[in-house]
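# Coordinate inspection notes
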Amino acid sequence: MQAKTSIDQLQVFIGKNVTLSGWLYHNRPSGKVQFLVLRDGTGLCQCVIEKDTIGEELFEQIKHLGQESSLSVTGLVREESRSPGGVELAVTAVEIHCGTMDYPITPKEHGIDFLLKNRHLHLRSLKPWCIGRIRHTVIDAIRRFFNDNGFTLVDTPIFTTIAGEGEQTLFEVDYFGQPLHLAQTGQLYLESAAMSFGKVYCFGPTFRAEKSKTRRHLTEFWMVEPEVAYIDMEGLLSLAEDFVHSIIQRVLKDNRSELETLEADIAALEAIQKPFYRLTYTEAADILTSDRTREFMAKQLDEFEGEKKTLEQELANIEAADAKGGLKKWQQDKNARRMLEIRGELDELNTKIENNPKHAKLAAEFRWGKDLGGSDETIISLMHDRPVFVTHYPRDAKAFYMKQDRENGNVVENFDLLASAGFGEIIGGSVREDDHERLLARIHEEGYNPEQYQWYLDLRKYGSVPHGGFGLGVERTVAWIAGEKHIRQCIAFPRLMDKVYL
Ligand code: 4AD
C-alpha cells in the first residue's frame, strides 16, 4: 500500500512507498537510469527510474518527456544526502498525465518582458515560487500580529467617495453615473472604525494611478493599515517596530530554504534588531547635504567600478577558454549560463555607475521643504544597517490629515520607515489631526470640497481623541526581505503603469 503525499512530507515516509503527483522540473537520462526531478508545489524531489524496474517501453517514453510534463510517480522513499530535501524516490511505477514538449520557459535566462508576458507559466519557476511562498508567510505574519495584539479587522470599501492620498493618483470609476474612485487607502474609513473598536486594521488591494515606472511602484498593490485610538508618535513607532520585526522573524523561521535559493542576505536579516534608527526629517536633510554623504557616494562609485572590472575580467577569461575549444558540452553550457549572468550583472552595474553622480547631485542640492525622493531614501537607507524611521516632515509636503506639530507648526507628526540595504520606504504613517478647525482649514487649503469630507470631520466633533496609524506595502516588504530588486516580482499578476500583461 502506498500513501499519496507531497514532497515536503517525504522525511516522514523514509523506508515506505508513496505516490507523488507533480510536474517534471528536469530530466537527466544516463544509460539504464534516469534522474528525474519532480516539483509538486511544495518542493523538489529527485526520482530515480531504472529501466529494469519499469520496463523498456515506459522508460523510453519518460526519456522523451519535456519540462513541465505532468505525472504521478510511485516508489520507495530513501535517504540521499546529495538530493534536494535529503531524500529521493526509487521509482516503481509512473503515470503520465500530459506529456509536454517545447515548454517556452527553459532554465536559461529570459528577459523580464518575455517572463511577464508568460507570467501564467512563469509562476511555476523556482524564483516566483520562492517569492510567492515568502509573500504567503508575510501575509500570515501580518494577520497574526494584529489578531494576537487585540486589533479588530475592518474591511474598508474599494469604491470610495473621498481622496486620502491626493487627487492626482485617483483611479476614477463611473458608479452608475456617480463618479467614485478606487481605494488609495482605507485609512479615513478606518479612523471612524477606530472610534468604535479602539484598535483596528484593514488589509486589501490598493489602487494608485502613479505615473511612476520605478522598481517601487505598482498601480495595484496590497496594503495593511492599522489605526489606533489614544496613541501618540512614540506609541506608533514602537508598534511599527514590533510589527516589522515580527514579520522578519517569521520569514526567517518558515522560509529559510526559499531565502537561501534566492540568495537573500540572511545574515543581514538576522542582524535586524530593535530599536530601529530614528531621524527627524531635518536631520535626514542635513545628512543628505553633508560631506559624509558626498564621501559615501564617491566610495560607492569606486566599489561599482571595481566590481565592473572584476566581472569584465571573468567574462574575458570565459570567452578565451571557449575560443580555445576542446570543452565538453556541459562545460560549454555552464560557461554560456555564467556569461549571461555576468552580462546581466554588468548591465545593472552600468546603470548604477550612470545613476550614482545624478543621485549624489540630487542629495547635495536637497533643500528643506521637499519630500524625500526615491534616491534620497536609498542613500539614507544604504547608510544604515537597520531600518530607519524618518519623522516630522514639512507640513506642506504631506497629506492633509496629518497632525500639525503643536511646538513647531512647520512640521507634522508623521513618519516613514525606510527599510535597510538601500531598499527605501515600506511604511508611511502619522498621528492624525484631531482638531476640527485645523483639519477643516487643511481641507480648504488642499482645495477639496468640505461637504464630501463632512463625515470625516464629524469624527473631530463627536468624542475626538488623539489617534494614528500607518500603512505597510506588502510587495515592497516582500521585495526587501527576499532581496528582490523590483516589486513587480512580488505579486502574482503585477499591474504596472506602462503595462498590464495578462
Ligand atoms: O505612505 P502611503 O501613501 O500611506 C498611506 O496610504 C497612508 N494612508 C497609510 C496610513 O497611514 N494608514 O503608503 C503606505 C505604503 C508605502 O510605504 C508603500 O510601502 C506602499 O504603501 N505603497 C506602494 N507600494 C507599491 N506601489 C505603490 N504605488 C505604492 N504606494 C504606496
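Quick caveat: nothing in here was measured; it's all calculated off a predicted structure. (Residues numbered from 1 in each chain as written. Predicted model: local features only at pLDDT ≥ 70, side-chain atom pairs only at ≥ 80, totals over all residues. Heavy atoms only, no water.)

## Some points on the sheet that holds strand β9 (residues 172-175)
Short version of the rule: Pairing between two strands requires that DSSP report at least two bridges joining them. Runs of H or I in DSSP of at least four residues are treated as helices and runs of E of at least two as strands, each being numbered from the N terminus.
Taken in spatial order, the three strands of this open sheet run β8-β10-β9, and their pairing is antiparallel. Every interior strand has two partners, whereas the edge strands, β8 (159-160) and β9, have only one. The pairing of β8 with strand β10 (residues 178-182) spans two bridges and is antiparallel. Bridge assignment links F159 to a residue of β10, and that residue is L182.

## So, the site of the ligand
Note the threshold: Think of it this way: one heavy atom of a residue within 4 Å of a molecule or strand is enough to make that residue near it. Whenever two N or O atoms come within 3.5 Å, that pair is a polar contact, provided that in protein one can donate a hydrogen and the other can accept it, and provided that, for residues adjacent in sequence, both atoms are side-chain atoms. Shrake-Rupley sampling with a 1.4 Å probe provides the accessible areas, and residues are treated as covered by the protein chains on show and by no other component.
Near the ligand there are 24 residues, and of these E165, Q187, R208, E225 and E425 occur at the shortest range. One of the backbone N or O atoms of L218 is found 2.9 Å from a nitrogen atom in the ligand. A distance of 3.4 Å separates a nitrogen atom of the ligand from a polar backbone atom of F470. Notes on the ligand: free accessible area 630 Å², of which the protein chains cover 94%. For the shell around the ligand, the secondary-structure elements that each account for two or more residues are β12 (220-229), β16 (424-431) and β17 (467-473).

## Some thoughts on the packing of aromatic side chains
Two measures describe an aromatic ring pair: the distance that separates the ring centres and the angle between the ring planes. Stated precisely, the cut-off is as follows: Aromatic pairing here means that ring centres of Phe, Tyr or Trp (its six-membered ring) are within 6.5 Å. Orientation follows from the plane angle: under 30 degrees is stacked, over 60 is edge-to-face, and everything else is tilted. Only protein chains enter the accessibility calculation, which uses a 1.4 Å probe. A residue is then buried if its area is under 20% of the maximum for its type, exposed if over 50%, and partly exposed in between. To sit over a ring, a charge needs its Lys NZ or Arg CZ within 6 Å of the ring centre and within 35 degrees of the ring normal.
What the rule picks out here adds up to 22 aromatic pairs. Here the aromatic rings of F146 and F243 are separated by 4.7 Å at their centres, their planes lie at 35°, and the arrangement is tilted. Residue F146 is located in helix α5 (residues 126-148), and its partner F243 is located in helix α7 (residues 233-254); the two are separated by 97 residues in the primary sequence. On the accessibility criterion, F146 (0% relative accessible area) is buried. Of the residues examined, F243 reaches a relative accessible area of 0% and is grouped as buried. Ring pairs connect the aromatic residues F145, F146, F151, Y201, F243, F276, F389, F415 and F470, which therefore count as one cluster. Against the face of F423 rests R215, its NZ or CZ located 5.6 Å from the ring centre. The ring of Y456 has R460 sitting right over it, with the charged end atom 4.2 Å from the ring centre.

## Observations concerning the domain arrangement of the protein
Just so we agree on the cut-off: Domain start and stop points were drawn from an automatic or database domain assignment. Contacts were defined at the residue level, with two residues in contact if any of their heavy atoms lie within 4.5 Å. Here the buried area means the combined drop in accessible surface, using a 1.4 Å probe, for two parts upon being joined, counting both sides. The rule for a salt bridge is simple: a side-chain nitrogen of Lys or Arg has to be within 4 Å of a carboxyl oxygen of Asp or Glu. Amino acids are sorted into nonpolar (Ala, Val, Leu, Ile, Met, Phe, Trp, Tyr, Cys and Pro), charged (Asp, Glu, Lys and Arg) and polar (every other residue, Gly among them).
With domains assigned, the protein is organised as domain 1 (3-98), domain 2 (119-289 + 366-490) and domain 3 (295-351). Taking only C-alpha atoms, the centre of domain 2 and the centre of domain 3 are 38 Å apart. Contact with domain 2, which involves four residues of that partner, is made by four residues of domain 3. Taking both partners together, domain 2 and domain 3 bury about 350 Å²; carbon and sulfur atoms supply 77% of that area. Of all residues in domain 2, I379, L382 and K485 give up the largest surface area on contact with domain 3, accounting jointly for 79% of the area buried on that side. Across the domain 2-domain 3 interface, the total number found is one salt bridge. In this structure, K485 engages E348 in a salt bridge whose closest nitrogen and oxygen atoms are separated by 3.4 Å. The interface formed by domain 2 and domain 3 contains one residue pair in polar contact (both at pLDDT 80 or more). For the side of domain 2 that touches domain 3, the residue count by class is three nonpolar, no polar and one charged.

## A look at the packing of α5 against helix α16 (residues 474-482)
The cut-off we apply is this: For every element, the axis is a line fit to its C-alpha atoms; helices are fit only across the contacting stretch, and the angle between N-to-C directions ranges from 0 to 180 degrees. Comment on the angle field: the value is read as roughly parallel under 35 degrees, roughly antiparallel over 145, roughly perpendicular from 65 to 115, and oblique elsewhere. Each crossing gets its hand from how the near helix is turned against the far one by less than a right angle, where anticlockwise is left-handed and clockwise is right-handed.
Here α5 crosses α16 at 120°, and the two axes come no closer than 10 Å. In terms of axis orientation, α5 runs oblique to α16. The handedness of the crossing between α5 and α16 comes out as right-handed. Contacts from I131, I134, R135, V138, I139 and I142 in α5 reach V474, E475, T477, V478, I481 and A482 in α16. A class-by-class count of the residues in the contact of α5 with α16 yields nine nonpolar, one polar and two charged.

## Overview of the environment of N149
Looking at the secondary structure, you find N149 in the loop between α5 and β7 (152-153). In sequence terms N149 and K199 are 50 residues apart; their C-alpha atoms lie 8.9 Å from each other. Within the structure, the side chain of N149 is placed 2.6 Å from the backbone oxygen of F145, a separation counted as a polar contact.

## Quick word on the nonpolar core
This is how it is decided: The term nonpolar core refers to a set of buried residues drawn from Ala, Val, Leu, Ile, Met, Phe, Trp, Tyr and Cys, joined through side-chain atoms within 4.5 Å.
If you look at the biggest cluster of nonpolar residues, it comprises 57 residues, and the most contacted ones within it are I142, F243 and V244. Top element by residues in this core is α7. It accounts for eleven residues.

## Regarding the packing of α5 against α7
Where α5 contacts α7, the axes come no closer than 9 Å and their chain directions differ by 135°. By the angle between their axes, α5 is oblique relative to α7. In the crossing of α5 with α7, the sense of the turn from one axis to the other is right-handed. Here I134, T137, V138, D140, A141, I142, R144, F145 and F146 of α5 come into contact with α7, specifically with L239, D242, F243, S246, I247, R250, V251 and D254. The residue makeup of the contact of α5 with α7, split by class, is ten nonpolar, two polar and five charged.

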